[in-house]
Amino acid sequence: MANITLVDDDENIVTSVSLALESHGHTVKAFYDGAAGLAALENEPPDLAILDVKMPRMDGMEVLRRLRRTSELPVIILTSKDDEIDEILGFNLGADDYIHKPFSQRLLLERVKAVLRRAGADSGEPAPGPTSEAEARALKRGKLTLDPARHDCLWEDRPVKLTVTEFLLLQSLAQRPGFVKSRDNLMDAAYDDQVYVDDRTIDSHIKRMRKKFREIDPEFDAIETLYGVGYRYRES
């Protein structure tokens, strides 16, 4: 199954989450503060990281911020239910999903399974994405090249590091240039049916994706916003 790194300073949560994940075949490495967790994530990248927000030495948001400088591995954030600002900030930093405390083991396992499936890291589930030979081939749209089989994204032949969620959103948009995709359409493309996300989540992913492209090409404008409607890809 998957190698998962769990970073949380609550011993009870670490114990219960580890047992739940291990009972489903996953291997779990646990750390109790952000600094130790970040070092482990950088030295031995797992298939998935689960980060608590509030931790000593370095909180989960700072771990995610630093991690995203060099890595796009899938990340789930654990946060208190009333910390809405954390959720918005986390998605802006590149989190793939959120679990609000308190949570059930069933919810945890479903979210983990969904993120791993999207990343193609869970050998027990089929990877998302191409369902036909045509969809499996590299997709070229103007300056953009997407290779679903390798999870590679190029803009003017320069690599762009995208998270799993960002890649799936961009792929959905680029498959039909000029066609408007509502936020609901994009949710369906990037998330499993069991996972509900609100409009702000999609907006945060799009915002972060644009920023990545503009670091390479300041004139990037291929992803258009149609206010109140959704997004579309404009082939240049």
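Quick summary incoming for the structure in this document. (Residues numbered from 1 in each chain as written. Predicted model: local features only at pLDDT ≥ 70, side-chain atom pairs only at ≥ 80, totals over all residues. Heavy atoms only, no water.)

### Let's talk about the overall build of the protein
Consideration 1: Helix and strand content of the protein: nine helices and 11 strands.
Consideration 2: Scored against the burial criterion, the 236 residues of the protein give a buried share of 50%.
Consideration 3: Accessible surface, the protein as shown: approximately 11500 Å² in total, 48% of it carbon and sulfur. (Helix = DSSP H or I, 4+ residues; strand = E, 2+ residues; numbered from the N terminus. Buried < 20%, exposed > 50% of the residue type's maximum accessible area, 1.4 Å probe, protein only. Areas by Shrake-Rupley, 256 points an atom, 1.4 Å probe, with all protein chains shown as cover.)

### Quick notes on helix H8 (residues 183–190)
Consideration 1: Three or more residues of H8 are buried, namely Arg183, Leu186, Met187 and Ala190. The buried side chains of H8 occupy one side of the element, clustering within an arc of 105° when seen end-on. (Arc of directions from axis to C-beta.)

### Quick word on the side chain of Glu166
Consideration 1: Topologically, Glu166 is positioned in helix H7 (residues 164–174).
Consideration 2: Here Glu166 falls in the buried class, since its relative accessible area comes to 0%.
Consideration 3: If we ignore the near neighbours within four places in the chain, the residues touching Glu166 are Lys161, His205, Arg208, Met209 and Lys212. (Contact = heavy atoms within 4.5 Å.)

### Concerning the layout of surface pockets
Over the atoms, a rolled probe matching the size of one water molecule traces out where space is still vacant.
Consideration 1: One number sums up the size of the largest pocket: a volume of about 470 Å³.
Consideration 2: Lining the largest pocket are 16 residues, with Arg68, Arg208, Lys211, Lys212 and Glu215 positioned closest to its centre.
Consideration 3: Taken together, the elements giving at least two residues each to the lining of the largest pocket come down to helix H4 (84–93) and helix H9 (199–216).
Consideration 4: If one sorts the elements of the lining of the largest pocket by residue count, H9 sits on top with seven residues.
Consideration 5: Residue composition of the lining of the largest pocket, by class: four nonpolar, two polar and 10 charged. (1 Å grid on protein atoms, 1.4 Å probe; cavity = no way out; pocket = protein on both sides within 12 Å on 5 of 7 lines; lining within 4 Å. Points joined across faces, edges and corners; volume = space filled by probe spheres on them. Nonpolar A, V, L, I, M, F, W, Y, C, P; charged D, E, K, R; others polar.)

### Examining the sheet that holds strand S2 (residues 27–31)
Consideration 1: As summarised here, the arrangement of the five strands in space is S2-S1-S3-S4-S5, forming an open sheet in which the pairing is parallel. Each end of this open sheet is capped by a strand with a single partner; those strands are S2 and strand S5 (97–101). Averaged over neighbouring strand pairs, the angle between their axes works out to 20° when direction is ignored. (Pairing = 2+ DSSP bridges. Axes fitted to C-alpha atoms, helices over the stretch in contact; angles between N-to-C directions.)

### Observations regarding unusual backbone geometry
Consideration 1: Cis rather than trans, the peptide bond between Lys101 and Pro102 has omega equal to -10°.
Consideration 2: When you line up the elements, Pro102 lands in the loop between S5 and helix H5 (105–119).
Consideration 3: Residues other than glycine seldom take positive phi values, yet His151 does so here, at roughly 55°.
Consideration 4: Mapping His151 onto the fold places it in the loop between strand S7 (144–147) and strand S8 (152–155).
Consideration 5: In this structure His151 comes out as partly exposed when scored by relative accessible area, which is 33%.
Consideration 6: Although it is not a glycine, Glu156 sits at a positive phi angle of roughly 55°.
Consideration 7: For Glu156, the position within the fold is in the loop between S8 and strand S9 (158–159).

### Notes on the packing of H7 against H8
Consideration 1: As a packed pair, H7 and H8 sit with axes 9 Å apart at the nearest point and diverge in direction by 125°. When the axes of H7 and H8 are compared, the pair comes out oblique. H8 is crossed by H7, and the crossing has right-handed handedness. Residues Thr165, Leu168, Leu169, Ser172 and Leu173 of H7 pack against Leu186, Ala189 and Ala190 of H8.
Consideration 2: The residue inventory of the contact of H7 with H8, partitioned by class, reads six nonpolar, two polar and no charged. (Parallel < 35°, antiparallel > 145°, perpendicular 65-115°, else oblique. Left-handed = near helix turned anticlockwise from the far one by under 90°.)

### Points about the pairing of S7
Consideration 1: Alternating positions in S7 separate into two faces, Leu144 and Leu146 on one and Thr145 and Asp147 on the other, with burial throughout.
Consideration 2: Here strand S6 (residues 139–141) folds back onto S7, and the loop between the two strands holds two residues, one of which, Gly142, carries a positive phi near 65°.
Consideration 3: Where S7 meets S8, four bridges bridge the pair, whose relative direction is antiparallel. What sits directly across from Leu146, in S8, is Cys153.
Consideration 4: Hairpin connection between S7 and S8: a loop of four residues separates the two successive antiparallel strands, and His151 in this loop has a positive phi of roughly 55°.

### Examining the environment of Leu109
Consideration 1: Tracing the backbone shows Leu109 in helix H5.
Consideration 2: In this structure Leu109 comes out as buried when scored by relative accessible area, which is 18%.
Consideration 3: Leu109 sits 88 residues away from Leu21 along the chain, and the two C-alpha atoms are 7.1 Å apart.
Consideration 4: Leaving out residues up to four positions away in the same chain, Leu109 has contacts with Ala20, Leu21 and His24.

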